[in-house]
Amino acid sequence: MKLMKRNLTSVHYCLYSERVALMDDDGYETGEYGVGYNAPVEMQCSVSPATGYAQAQMFGNFESYDKVLITDDMSCPIDENTVLFIDKEPEFDDNGKPIFDYTVRRVAKSLNSISYAVSKVKVS
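Residues numbered from 1 in each chain as written. Predicted model: local features only at pLDDT ≥ 70, side-chain atom pairs only at ≥ 80, totals over all residues. Heavy atoms only, no water.

A separate point is the pairing of strand 1 (residues 8–14). Note that strand 1 and strand 4 (residues 41–47) share 6 bridges and pair antiparallel. From the neighbouring strand, Val-11 faces strand 4, where its bridge partner is Met-43. Note: strand 1 against strand 6 (residues 83–85), 3 bridges, orientation antiparallel. Residue pairing across strands places Cys-14 opposite Val-83, the latter belonging to strand 6. (Pairing = 2+ DSSP bridges. Helix = DSSP H or I, 4+ residues; strand = E, 2+ residues; numbered from the N terminus.)

Following this line, the structure appears as structure tokens:
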């Protein structure tokens, strides 16, 4: 099944790239690590307005998500470590960390499409 072009929405995503060592004010490693992401990539996909019964069955008994993204691009690299900009444009803090608004909770692949359960988060 192909997605209708009129139902596609522009979404940006950042793939996980690496584990980054955190530094203190003097430039020494603190022993803690942060997360590094690649640059944002734009994609076109169908975004559900809210969680519903059909989506709850699609991902089994797992119901703690807010929206579902559906794409027919079977080579889409999004996984559970990816962060998304759905309701806003990509933006970054002073250190270059993305200030995203959704994270991927589950991925469900079928023969012709991939569905992503996503949850809203607040990043400051």
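When their charged atoms lie close together, side chains carrying opposite charge are able to pair. The final tally for this structure, using the stated rule, is 3 salt bridges. Residues Lys-67 and Asp-87 are paired through a salt bridge, measuring 3.2 Å at the closest nitrogen-oxygen approach. Placement of Lys-67 in strand 5 (residues 67–71) and of Asp-87 in the loop between strand 6 and strand 7 (102–109) is noted, with a sequence separation of 20 residues between them. Residue classification places Lys-67 among the buried residues on the basis of a relative accessible area of 13%. Here Asp-87 makes a salt bridge to Lys-120, at a shortest N to O gap of 3.9 Å. Here Asp-87, found in the loop between strand 6 and strand 7, pairs with Lys-120, found in strand 8 (residues 114–120); they are 33 residues apart in sequence, far enough to count as distant. (Salt bridge = Lys/Arg side-chain N within 4 Å of Asp/Glu carboxyl O. Buried < 20%, exposed > 50% of the residue type's maximum accessible area, 1.4 Å probe, protein only.)

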